Amino acid sequence: MRITFQQKTFSILLLVYGTTECGVLLCSTGKGISDGKTVGLPYPMVDLKINEKNEILVKSATGIEEDFMETGDLGCFSYKSKEIMIVGRVKEMMKIRGWQVNPNEIEEVIRKVNTVVDCAVYQISDKLIAKVIGNADSKTEIMETVKSEICL
């Protein structure tokens, strides 16, 4: 008699959201299961609202402001789950070696490559980092596309 075991691999995604000014996390997806689209519901003693410009405003017992504070993040409430979704930043410009860089513009160019599913561009120190979901073999094509369309 032969017994075969199948090993199943899964990952649990837990998303959290917070600001430096509040010193604590503001939201979490809770049970550790997330669709990756929302950052969850506010924690107790945290009030969140979205103003007419879609900016997330926060009021927290640990915050440095006594009233609602602007986070600089753009968001909306998920229609289905009523959880917060982060959709962008009020000001997207980053300074890299003295140059003003808009990460959204670079993301749009990278997404033009057929094998790219999605990407996110962010800054660490004075380096611009792009995390790309797609075919790993397309790195050269991505670099060539970015160089040809954006002057870095």
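Residues numbered from 1 in each chain as written. Predicted model: local features only at pLDDT ≥ 70, side-chain atom pairs only at ≥ 80, totals over all residues. Heavy atoms only, no water.

- Going by the annotation in an unreviewed UniProt entry, the name recorded for the chain is AMP-binding domain-containing protein, with Caenorhabditis tropicalis given as the source organism.
- The Sequence similarities (unreviewed entry) comment attached to the chain in UniProt states, word for word, "Belongs to the ATP-dependent AMP-binding enzyme family." (UniProt positions renumbered as here; feature names shortened; annotations may be inferred.)

**Here's the deal with the overall build of the chain**
Thinking step 1. Each helix and strand counted, the chain has two helices and 11 strands in total.
Thinking step 2. Within the chain, buried positions represent 32% of all 152 residues.
Thinking step 3. A sequence separation of at least 24 residues applies to 30% of the contacts in the chain between residues at least 6 apart.
Thinking step 4. Total accessible area computed for the chain in this model is approximately 11,500 Å², and 53% of it derives from carbon and sulfur atoms. (Helix = DSSP H or I, 4+ residues; strand = E, 2+ residues; numbered from the N terminus. Buried < 20%, exposed > 50% of the residue type's maximum accessible area, 1.4 Å probe, protein only. Contact = heavy atoms within 4.5 Å. Areas by Shrake-Rupley, 256 points an atom, 1.4 Å probe, with all protein chains shown as cover.)

**Observations regarding the pattern of salt bridges**
Thinking step 1. On inspection of all chains with the given rule, the structure shows four salt bridges.
Thinking step 2. With its nearest N and O atoms 3.7 Å apart, the salt bridge here joins Glu107 to Arg111.
Thinking step 3. Residue class for Arg111 comes out partly exposed when judged on its relative accessible area of 35%.
Thinking step 4. Residues Arg111 and Asp118 are paired through a salt bridge, measuring 3.0 Å at the closest nitrogen-oxygen approach.
Thinking step 5. Shared partners join several salt bridges into a network, and the residues in it are Glu107, Arg111 and Asp118. (Salt bridge = Lys/Arg side-chain N within 4 Å of Asp/Glu carboxyl O.)

**Section: the environment of Lys131**
Thinking step 1. Mapped onto the elements of the fold, Lys131 is located in strand 11 (residues 127-134).
Thinking step 2. The spatial distance from the C-alpha of Lys131 to the C-alpha of Cys119 is 5.5 Å, given a sequence separation of 12 residues.
Thinking step 3. Not counting the four nearest positions on each side in its chain, Lys131 is found in contact with Asp118, Cys119, Ala120 and Tyr122.

**Remarks on the confidence of the model for the chain**
Thinking step 1. Per-residue confidence for the chain gives a mean pLDDT of 80, with 84% of residues at or over 70.
Thinking step 2. Averaged over each element, pLDDT in the chain is lowest for strand 8 (residues 94-96) (77) and highest for strand 4 (residues 46-50) (91). (pLDDT = per-residue confidence, 0-100.)

**With respect to the packing of aromatic side chains**
Thinking step 1. The tally for this structure, following the rule as stated, stands at zero aromatic pairs.
Thinking step 2. Seen from the ring of Phe68, Lys49 lies directly overhead, with NZ or CZ sitting 4.3 Å from the centre.
Thinking step 3. Here the guanidinium or amino end of Lys82 rests over the ring plane of Tyr79, the centre of that ring lying 5.2 Å away. (Phe/Tyr/Trp six-rings, centres within 6.5 Å; stacked < 30°, edge-to-face > 60°. Lys NZ or Arg CZ within 6 Å of the ring centre and 35° of its normal.)

**Quick notes on the nonpolar core**
In a soluble, globular protein the nonpolar side chains are often hidden away together inside.
Thinking step 1. In terms of nonpolar packing, the biggest core is built from 13 residues, with Ile106, Ile110, Val116, Val121, Ile142 and Val146 touching the most fellow members.
Thinking step 2. The set of elements that each furnish at least two residues to this core consists of strand 8, helix 1 (103-110), strand 10 (116-124) and helix 2 (139-149).
Thinking step 3. Leaving out residues up to four positions away in the same chain, Val121 has contacts with Met94, Pro103, Ile106, Glu107, Ile110, Leu128, Ile129 and Ala130.
Thinking step 4. Among the nonpolar cores identified, the runner-up in size contains 11 residues, and Val39, Leu48, Ile56 and Ile84 belong to it. (Core = buried A, V, L, I, M, F, W, Y, C linked by side-chain atoms within 4.5 Å.)

**Some thoughts on the sheet that holds strand 4**
Thinking step 1. The antiparallel open sheet is built from four strands, whose spatial order is 4-5-6-7. A strand with exactly one partner marks an edge of an open sheet, and here the two such strands are strand 4 and strand 7 (84-89). Here the strands of the sheet are splayed against their neighbours by 45 degrees on average, with no regard to which way each runs.
Thinking step 2. Pairing geometry for strand 6 (residues 69-77) and strand 7, over five bridges, is antiparallel. The partner of Leu74 across the bridge, within strand 7, is Gly88. (Pairing = 2+ DSSP bridges. Axes fitted to C-alpha atoms, helices over the stretch in contact; angles between N-to-C directions.)

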